[in-house]
Amino acid sequence: KIYQRREDPVATIDLILGYADRQQRINPAEASRAFREAAEIALHGSNDALKATELYQRALQSNPLNMDAAEELNALLESQGDFQKQASFLQELYATLPARRCDPGYLALICYRLGDLWNQRFMQPEAALECFRRALEHDRNMLAAMFEARLIHLSAGDFLNAAEFYRMEIKAETDRERKAR
């Protein structure tokens, strides 16, 4: 906090990294939190996206369940327009999390984001469909995944599968005003 008041982000990062390194063996979750804090300072205090990326990755190596670090790294990669790195990151994160008993809703969100990348950025609807299906395996009521899958089927002229996803959407919709009858 003293370094932050002096507006010395580099010294603050160094101080936090020393703490994080000491915590690494004792309390990996605390080390992860500290690495994330250092990443935020690197990004917002020093405007150093490269250093922030490295520190977010260290946070996730210490604790793959640090969802805040994962979300911030994902947003950083997206803001940089590096969609290939973003897809690689999300795929690695997805591969790491199930073994750690992660929240199924978060796994569904990761799959959905991957599907969106495959569909919108890489123009590969078949890969996107696979991701949306995986999202629905983790959260069978994820309306966004159903909707996107339905649109892909419609654009491919596959009306039978599009209708199936539409039926799934109707069944999963909880808002009475939006629910089709």
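Only a predicted model underlies this, so the values are computations on that prediction, with no experimental measurement involved.

Peer 1: Explain the overall build of the chain here, please?
Peer 2: The secondary structure content of the chain amounts to 10 helices and 0 strands. Each helix and strand of the chain, ordered N terminal to C terminal, gives the series α-α-α-α-α-α-α-α-α-α. Compactness check: the chain gives a C-alpha radius of gyration of 20 Å against a globular reference of 16 Å for 181 residues, more than 25% above the reference. Projected onto the principal axes, the alpha-carbon positions of the chain cover approximately 60 × 30 × 30 Å. For the chain, the exposed area adds up to about 10,700 Å²; of that, 49% sits on carbon and sulfur atoms. Seen as two clouds, the 24 positive and the 28 negative side-chain charges of the chain have centres 4 Å apart.

Peer 1: What is the right way to look at the side chain of Glu169 in this model?
Peer 2: Structurally, the position occupied by Glu169 is in helix 10 (residues 159-172). Non-local contacts of Glu169, meaning those with residues more than four positions away in its chain, are made with Leu143, Met146, Phe147 and Arg150.

Peer 1: Any chance you could explain the state of the cysteines here in plain terms?
Peer 2: Per the counting criterion, the structure on display carries 0 disulfides. Cysteine Cys102 remains unbridged, with the sulfur of Cys111 as its closest cysteine sulfur at 10 Å. Under the relative-accessibility criterion, Cys102 is labelled buried at 9%. Counting only cysteine sulfurs, Cys131 is the nearest neighbor of Cys111, a cysteine outside any disulfide, at a range of 6.4 Å.

Peer 1: So what exactly am I meant to see when it comes to the packing of aromatic side chains here?
Peer 2: Aromatic rings considered in pairs are described by the distance between their centres and by the relative angle of their planes. Summed over all chains, the structure comprises 2 aromatic pairs. For the pair Tyr112 and Phe132, a centre-to-centre distance of 5.6 Å together with 40 degrees between the ring planes defines the contact as tilted. Of this pair, Tyr112 sits in helix 7 (residues 104-121) while Phe132 is found in helix 8 (residues 125-138), placing the two residues 20 residues apart along the sequence. Phe132 shares its class with Tyr112; the two are buried.

Peer 1: Would you take a moment to explain helix 8 for this structure?
Peer 2: Because the α-helix completes a turn every 3.6 residues, residues three or four places apart line up on one side. Under the 1.5 Å per step criterion, the end-to-end length of helix 8 is 20 Å for 14 residues, consistent within 8% with the ideal 20 Å. Considered for burial, the residues of helix 8 that qualify are Ala128, Leu129, Cys131, Phe132, Ala135 and Leu136. The arc that holds the buried residues of helix 8, viewed along the axis, is 165 degrees, so those residues lie on one side. Opposite the buried face of helix 8, at more than 90 degrees from it, the exposed residues are Glu126 and Glu137.

Peer 1: Could you clarify how one ought to interpret the nonpolar core in this entry?
Peer 2: Here is a general trend for soluble globular proteins: nonpolar side chains tend to be buried in one another's company. The biggest cluster of nonpolar side chains holds 53 residues, and the ones touching the most others in it are Leu55, Tyr56, Phe89 and Ile110. In terms of residue count, the dominant contributor to this core is helix 7 (9 residues).

Peer 1: I tried to follow unusual backbone geometry on my own but got confused; where do I start?
Peer 2: Keep in mind that most residues, glycine aside, have a negative phi and that most peptide bonds are trans. Of note in this structure, Asn47 is not a glycine but carries a positive phi near 55 degrees. In this structure Asn47 comes out as exposed when scored by relative accessible area, which is 69%. Phi is positive for Met123, close to 55 degrees, though the residue is something other than glycine. Tracing the chain through its elements places Met123 in the loop between helix 7 and helix 8. Under the relative-accessibility criterion, Met123 is labelled exposed at 62%.

Peer 1: Help me understand the packing of helix 7 against helix 8, please; the structure alone is not making it clear to me.
Peer 2: Packed helix pairs are characterised by how far apart their axes lie and by the angle those axes make with each other. In contact at an axis separation of 8 Å, helix 7 and helix 8 are set at 170 degrees when each is read in the N-to-C sense. In this view, helix 7 runs roughly antiparallel relative to helix 8, as classed from their interaxial angle. Between helix 7 and helix 8, the residues in contact are Pro104, Leu107, Ala108, Cys111, Tyr112, Leu114, Gly115, Asp116, Trp118 and Asn119 and Pro125, Ala127, Ala128, Cys131, Phe132, Arg134, Ala135 and His138, respectively. Grouping the amino acids of the contact of helix 7 with helix 8 by side-chain chemistry returns 13 nonpolar, 3 polar and 2 charged.

What counts as what
Residues numbered from 1 in each chain as written. Predicted model: local features only at pLDDT ≥ 70, side-chain atom pairs only at ≥ 80, totals over all residues. Heavy atoms only, no water. Helix = DSSP H or I, 4+ residues; strand = E, 2+ residues; numbered from the N terminus. Rg over C-alpha atoms; globule rule 2.2 N^0.38 Å. Areas by Shrake-Rupley, 256 points an atom, 1.4 Å probe, with all protein chains shown as cover. Lys, Arg positive; Asp, Glu negative; His and termini not counted. Charge placed at Lys NZ, Arg CZ, Asp CG, Glu CD. Contact = heavy atoms within 4.5 Å. Disulfide = S-S within 2.5 Å. Buried < 20%, exposed > 50% of the residue type's maximum accessible area, 1.4 Å probe, protein only. Phe/Tyr/Trp six-rings, centres within 6.5 Å; stacked < 30°, edge-to-face > 60°. Expected span 1.5 Å × (residues − 1). Arc of directions from axis to C-beta. Core = buried A, V, L, I, M, F, W, Y, C linked by side-chain atoms within 4.5 Å. Axes fitted to C-alpha atoms, helices over the stretch in contact; angles between N-to-C directions. Parallel < 35°, antiparallel > 145°, perpendicular 65-115°, else oblique. Nonpolar A, V, L, I, M, F, W, Y, C, P; charged D, E, K, R; others polar.

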